[in-house]
Amino acid sequence: MNLFNKVMVFSVGLTLVFTLVANLLPQVEGEAPVEKQVDIASLTMDDFVAMGESLFANKGTCTLCHKPPPLGRAPDIEGVDMVAVSVKRLADPRYQGGATDAAGYILESMVDPGNFVVAGWGKKGSNDTESPMPAIDKAPIQLSAMEMDAIIAWLQAKDGNEVTVSLPSPEAAAQVADASGAESGSAPMAAATAEEALTKYACTGCHSLDSNEALVGPGLLNVGGRMTPEQIRQSIVDPNAVLSEGFAAAMPTDFATKMTVSELELIVGRLAEKKQ
Ligand code: HEC
Ligand code: HEC
């Protein structure tokens, strides 16, 4: 069973967090997610660590880049003891950041990736002064402080290190639920604009909207020029019916069951306008 299917459903505020995660999963057809009910009042560190593991593979989009070699486009942080690596980074003469411990370094890597660029992994031509990693607390990924803490907890725990981040308070969990604009326990609200919908369904994790550069899928700058609205609609609701040339069938196949009709039409309308 892979990580994508390890979905946990928390009650109260945390239910929402995991509903969102579940909605972003490129789930393998026929394998239903395993649901785990955990009450926020009894949330354990093990639950929090599991949440971090799920966020790393799913909503956080970390595994789009952080994969074992030769597939990875970033250091294989799952395959190393990130706490030991962080201690080395802090002692590196090139380190100019403000962190004083491993948890601080990992958090800084997420919110301010350019602060320390791992040698050999900087943007092309920047001589390792600029990072290609997006700020994780900003759109489109936009993890909350609580979600980033969960990832840190997992990175610490997976190699047997002491977990130094604290469990979220029920208030913090509820705030996350409120900020996402949904009633606790219910499905997330429908997106009101095409941009919101493209972010909500993580399209931008795999597609560049403002260039023709391929990420996991083709760049969509000119998609309205090469496809009719009907073809665009089909490529979202039934992505494997016609595969884009040169690409594998890697697009989630269950958007049709997750999107509202208005979300789908907002996206199709916006993509159809992309003609350059
Ligand atoms: C678009 C690709 C991309 C995504 C998505 C991405 N990263 Fe990164 N990340 C990188 C690259 C490239 C580096 C190395 C350059 C640097 O140090 O900034 C890096 C560096 C790091 C480091 C420092 C590693 C070290 O050895 O010091 C950490 C920690 C990290 N990322 C965590 C994450 C987490 C957690 C996520 C998901 C929430 C994530 N990254 C998402 C590309 C990415
Ligand atoms: C996990 C990565 C992934 C996600 C998430 C994803 N796609 Fe894709 N997409 C792909 C891949 C790979 C292809 C090419 C293979 C194919 O045709 O299915 C593709 C193809 C497409 C195409 C056809 C483009 C062309 O030039 O042929 C469109 C349009 C598209 N995706 C739109 C979307 C939209 C809208 C979303 C969000 C609702 C989305 N994709 C989410 C990976 C992804």
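Okay, so let's go over this structure. (Residues numbered from 1 in each chain as written. Chains lettered and ligands numbered in written order. Predicted model: local features only at pLDDT ≥ 70, side-chain atom pairs only at ≥ 80, totals over all residues. Heavy atoms only, no water.)

Some details on the coordination of the iron atom of ligand 2
Phase 1: Coordination of the iron atom of ligand 2 by the protein is provided by His207 (NE2) and Met251 (SD), with metal-donor distances spanning 2.0 to 2.1 Å.
Phase 2: Note that the iron atom of ligand 2 binds six donor atoms; their angles at the metal cover 88 to 178°, and the shape is octahedral. Highlighted residues: His207 in the loop between helix H8 (203-206) and helix H9 (223-226) and Met251 in the loop between helix H10 (229-237) and helix H11 (255-258), separated in sequence by 44 residues.
Phase 3: Overall, the relative accessible area of 13% leaves His207 in the buried class. (Donors = N, O, S within 2.8 Å, 3.2 Å for Na, K, Ca; no water. Tetrahedral: all angles 85-135°; square planar, octahedral: opposite > 155°, others 65-115°. Helix = DSSP H or I, 4+ residues; strand = E, 2+ residues; numbered from the N terminus. Buried < 20%, exposed > 50% of the residue type's maximum accessible area, 1.4 Å probe, protein only.)

Focus: the nonpolar core
Phase 1: One finds Phe48, Met82, Tyr105, Met110, Leu143 and Ile151 to be the most contacted residues of the largest nonpolar core, which totals 30 residues.
Phase 2: If you list the elements that add at least two residues to this core, you get helix H2 (45-57), helix H3 (82-91), helix H4 (102-111) and helix H5 (145-157).
Phase 3: Here Tyr105 is in contact with Met82, Ser86, Arg89, Leu90, Tyr95, Ala99, Phe116 and Val118, once residues within four sequence places are set aside.
Phase 4: Counting 17 residues, the second largest nonpolar core, distinct from the first, contains Ala191, Cys203, Ile232 and Val268. (Core = buried A, V, L, I, M, F, W, Y, C linked by side-chain atoms within 4.5 Å. Contact = heavy atoms within 4.5 Å.)

Quick look at the coordination of the iron atom of ligand 1
Phase 1: Around the iron atom of ligand 1, the protein contributes the donor atoms His66 (NE2) and Met133 (SD), at 2.0 to 2.1 Å from the metal centre.
Phase 2: Taken together, the six donor atoms coordinating the iron atom of ligand 1 and their angles of 87 to 179° define a geometry best described as octahedral. On the criterion of sequence distance, the pair formed by His66 in the loop between H2 and H3 and Met133 in the loop between H4 and H5 is long-range, its members being 67 residues apart.
Phase 3: Using a relative accessible area of 27% as the deciding quantity, one classes Met133 as partly exposed.

A word on the site of ligand 1
Phase 1: Around ligand 1, the structure places 26 residues, and the nearest of them are Cys62, Cys65, His66, Tyr105 and Met133.
Phase 2: Residue Phe116 places a main-chain N or O atom 3.2 Å away from an oxygen atom belonging to ligand 1.
Phase 3: Breaking the shell around ligand 1 down by element, the ones donating at least two residues are H3 and H4.
Phase 4: Grouping the constituent residues of the shell around ligand 1 by class yields 19 nonpolar, five polar and two charged. (Near = heavy atom within 4 Å. Polar contact = N/O pair within 3.5 Å; in protein donor to acceptor, adjacent residues only side chain to side chain. Nonpolar A, V, L, I, M, F, W, Y, C, P; charged D, E, K, R; others polar.)

So, H2
Phase 1: Over its 13 residues, H2 runs 19 Å from end to end, which matches the ideal 18 Å to within 8%, given 1.5 Å per residue.
Phase 2: Counting buried positions over the 13 residues of H2 gives 10, a clear majority of the element.
Phase 3: The complete set of buried residues in H2 reads Asp47, Phe48, Val49, Met51, Gly52, Glu53, Ser54, Leu55, Phe56 and Ala57. (Expected span 1.5 Å × (residues − 1).)

Regarding the packing of H2 against H5
Phase 1: Packing of H2 against H5 leaves a shortest axis separation of 7 Å and a crossing angle of 100°. As judged from the angle between their axes, H2 and H5 are roughly perpendicular. Of H5, the residues touching H2 (which contributes Met45, Phe48, Val49, Met51, Gly52, Glu53, Leu55 and Phe56) are Met146, Glu147, Asp149, Ala150, Ile151, Ala153, Trp154 and Ala157.
Phase 2: Each residue belonging to the contact of H2 with H5 can be placed in one class, and the counts come to 12 nonpolar, one polar and three charged. (Axes fitted to C-alpha atoms, helices over the stretch in contact; angles between N-to-C directions. Parallel < 35°, antiparallel > 145°, perpendicular 65-115°, else oblique.)

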